[in-house]
Amino acid sequence: MKHGGRGCKLLPLFICYNGAMKKYYLYVDESGDFEKDGENLQKNPSLVGGLLWARDDMPDDADFCRETAAVFGEDNHATELTPEEKGKLVYALLKKAKEFPVEFVIFENDARARILSGTQTYLTVITEGVLQLLKKLVILEDEPVELEVVAGFKKDTSLPITASFTEGYIERDAYQKRLDEKLAIEKAKAGAADIQRSKVSVRLADDKRNDILVVCDYICNFRYTNPARAFSVPIEEEGKTLTVREALNPLYKEGYIFPLFHTREDDHVLRMVQDGFYADALFEAMSGTMTKANRDLIRESFGKNGKEEIHRQLNSLIGYIGQLVSSRENEELTGKVLEEAEALHTFLQEKDKEDLWFYLDLQLYRLAYLDYREEDEALEKLFDRLEPMIADYTARRLDMDFLLIYYTRKAVYLQNCFRYEESCSVCDNMELLVGMVEEALRKNDLISLSGEAKSDALGKILGTRLQAEIALCMQGRLSYEEAAETSERAMKQFSYASDLHRQEQYRAQLEAVAGHFEQALACMERSFGNVPWKEHLSGPEKTVFDIYNMAYIAAFSEGEEAGEIASFLYQNLRREIPEEGTIGKLTRLLLAQNLLTRPKDADKAKSLLRNVLYGNGDTANAAPRDNRSLRKIRAVADTMLRGSGKAADYFR
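Considering the overall build of the chain
At step 1: In terms of regular secondary structure, the chain is built from 26 helices and nine strands.
At step 2: Sorting the 652 residues of the chain into buried and exposed places 51% on the buried side.
At step 3: Per element, the accessible surface of the chain, about 30700 Å² overall, is 49% carbon and sulfur.

Regarding the pattern of salt bridges
At step 1: Under the definition given, this model contains 34 salt bridges.
At step 2: We note a salt bridge from Asp-206 to Arg-209, for which the minimum N-O separation is 3.5 Å.
At step 3: Using a relative accessible area of 12% as the deciding quantity, one classes Asp-206 as buried.
At step 4: Residues participating in the shared-partner salt-bridge network are Lys-23, Glu-146, Glu-148 and Arg-203.

Quick look at the environment of Asp-296
At step 1: Secondary-structure assignment places Asp-296 in helix α10 (residues 292-303).
At step 2: Since its relative accessible area comes to 28%, Asp-296 is described here as partly exposed.
At step 3: With eleven residues separating them in the primary sequence, Asp-296 and Ala-285 have C-alpha atoms 9.0 Å apart.

Re the packing of helix α22 (residues 544-555) against helix α24 (residues 582-595)
At step 1: Their axes nearest at 8 Å, the elements α22 and α24 cross at an angle of 30°. Considered as vectors, α22 and α24 are oriented roughly parallel to each other. Between α22 and α24 lies a crossing whose hand is left-handed. When α22 is examined against α24, the residues Val-544, Phe-545, Ile-547, Tyr-548, Ala-551, Tyr-552, Ala-554 and Ala-555 are found in contact with a partner set consisting of Ile-583, Leu-586, Thr-587, Leu-590, Leu-591, Gln-593 and Asn-594.
At step 2: Here the contact of α22 with α24 is composed, by residue class, of twelve nonpolar, three polar and no charged.

Side note on the state of the cysteines
At step 1: Taken as a whole, this structure holds zero disulfides when the rule is applied.
At step 2: With no disulfide of its own, Cys-427 lies closest to Cys-424 among cysteine sulfurs, the gap being 6.4 Å.
At step 3: Look at Cys-427 and you get buried, because its relative accessible area is 4%.

A closer look at the packing of aromatic side chains
At step 1: Throughout the structure, instances matching the rule amount to 19 aromatic pairs.
At step 2: Where Phe-107 meets Phe-258, the ring centres are 5.9 Å apart and the plane angle is 55°; that geometry is what we call tilted. Residue Phe-107 is found in strand β4 (residues 102-108), and its partner Phe-258 is found in strand β9 (residues 257-259); the two are separated by 151 residues along the sequence. With respect to class, Phe-107 is no different from Phe-258; both count as buried.
At step 3: Measuring from centroid to centroid gives 5.0 Å for Phe-383 and Tyr-413, while their planes differ by 35°, and the two rings are tilted. Placement of the pair is Phe-383 in helix α14 (residues 376-396) and Tyr-413 in helix α15 (residues 400-416), with a sequence separation of 30 residues.

A word on the packing of helix α9 (residues 278-287) against helix α12 (residues 331-350)
At step 1: Running from N to C, α9 and α12 point in directions that differ by 125°, and their axes come no closer than 8 Å. Overall, the two elements α9 and α12 adopt an arrangement that is oblique. In the crossing of α9 with α12, the sense of the turn from one axis to the other is right-handed. When α9 is examined against α12, the residues Leu-282, Phe-283, Met-286 and Ser-287 are found in contact with a partner set consisting of Leu-333, Lys-336, Val-337, Glu-340, Ala-341 and Leu-344.
At step 2: Looking at side-chain class alone, the contact of α9 with α12 contains seven nonpolar, one polar and two charged residues.

Here is what the cut-offs are and how they apply
- Residues numbered from 1 in each chain as written.
- Predicted model: local features only at pLDDT ≥ 70, side-chain atom pairs only at ≥ 80, totals over all residues.
- Heavy atoms only, no water.
- Helix = DSSP H or I, 4+ residues; strand = E, 2+ residues; numbered from the N terminus.
- Buried < 20%, exposed > 50% of the residue type's maximum accessible area, 1.4 Å probe, protein only.
- Areas by Shrake-Rupley, 256 points an atom, 1.4 Å probe, with all protein chains shown as cover.
- Salt bridge = Lys/Arg side-chain N within 4 Å of Asp/Glu carboxyl O.
- Axes fitted to C-alpha atoms, helices over the stretch in contact; angles between N-to-C directions.
- Parallel < 35°, antiparallel > 145°, perpendicular 65-115°, else oblique.
- Left-handed = near helix turned anticlockwise from the far one by under 90°.
- Contact = heavy atoms within 4.5 Å.
- Nonpolar A, V, L, I, M, F, W, Y, C, P; charged D, E, K, R; others polar.
- Disulfide = S-S within 2.5 Å.
- Phe/Tyr/Trp six-rings, centres within 6.5 Å; stacked < 30°, edge-to-face > 60°.

Now the structure itself:
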């Protein structure tokens, strides 16, 4: 084989696209012994690595070659230097190389595989690495890519050793055949046209004469012999004393280090992005244990889309986030996803591709998340921050659904802070807005509204107001009749059974507070689809809120039937009441209120109250858990249970 140096003829593997495309050059050398990777476990695995350069023309750059060559003298191969010389020279050389627009790329035999021979293993590592790199570049560029690989001559260890300096090297046809086969398979599988039109070419050069390949030798050698004493040499960098290792490791970016075989994650991520499933890819990146390199790859690729496509994908993404928030199944994961979504918004802002609708929808879910975690201080700050943005949003886009959800969340938040009049005021303003829109529709000749029109939006506003009014009734600041009127108006707005059943349970609370036990129980049974309460609670359809509202009725009622409800809940459903969160603790509190009135059930009641205060652990010398939540429970006890000297006394 005759050494061609820089004059080697290019061998295009695929020529199927005639348009202009982004051109990359990859210069690679190798380090290690691919023959013995499985034996030398104390050493790093063998690797192929070098420089990636995005260029339109051949990057045998005169400036690069001159400036890097000036770093060292004639003996420029890494294996020919003393440790001290090597450490300082490698530092100077690689820092100089990174002054140019290049990336350091590494293909590692991390699995320490041996495929027939060292030569076949080497060919597999470089082939798999080039294909992984090509797919990454296609994603980053969002267009077909032309990648030219320039590899140093390498001996074929499967051939007999000869005295000739020009024989016994791996033929360039061997590279071509491997890449040809792998790329053909990839193109057959790929759904994205960009990979279909991409192409790879390869040429060989002398790694002792080609100045860029000489630098690649150092890039490989540093990575391969990273623990070596030479790289513990101290150097000064920006006023700090670092080792060569500490200074150079950051130059090797995670996203450009490729293992021999794709991980399932890598392959999965690349496939989703190539096929345009950005919402799925982004959500998995936010919620999983994906590597930072893959997360960055997804985000960078997504940011290259136009605003319309970004908006379309974000609409799908916010749906996934909403389902996660609504499930309330994993608060830690939900918090992580919300933070990652905020970071995505910031990233798009920096790209001048901000999507305001996505951001505000995201804040609605953040409000819901903070609300069920009872983080009132964080909620207060978020509402204050959002108010001016809501005004701007409304001026640009009168989105009734968004406004109704936002102000309903605010009304509920105010109730959780016991600011009931303020909550009612927010609901009044929203009712006025809905009324104005409906009146405008009635006057519009294009739309005919005849008779009594129903409005789910208005019904939800009135239902939210009713919950505040029930609390005001308990405090003696509103009459039963006024709250009952709000309840009747709310029910008239709904058509779906599920909405009506929810309003029946709100009405049951009001009747219980007013001392109307039979009416309250009738409301609950209507909400169960006219099924007797004991039958419903014994079946699979019951919910935590069904149990809560039955305990509510029992807490505000006297008599045998109220006692029967409390005893049934305690005996049969106590273990189904959540221990954590306000709803679970309130249910236990309400249940205990009735049981405490009955001497034979007093121990049961005290057990429930201890559970609210301390959990199921040993309460001796224990401090009450979750102090913030208990402060809320204490306020509820004093308000809802009228400071009656029963369960409320435990929270004074």
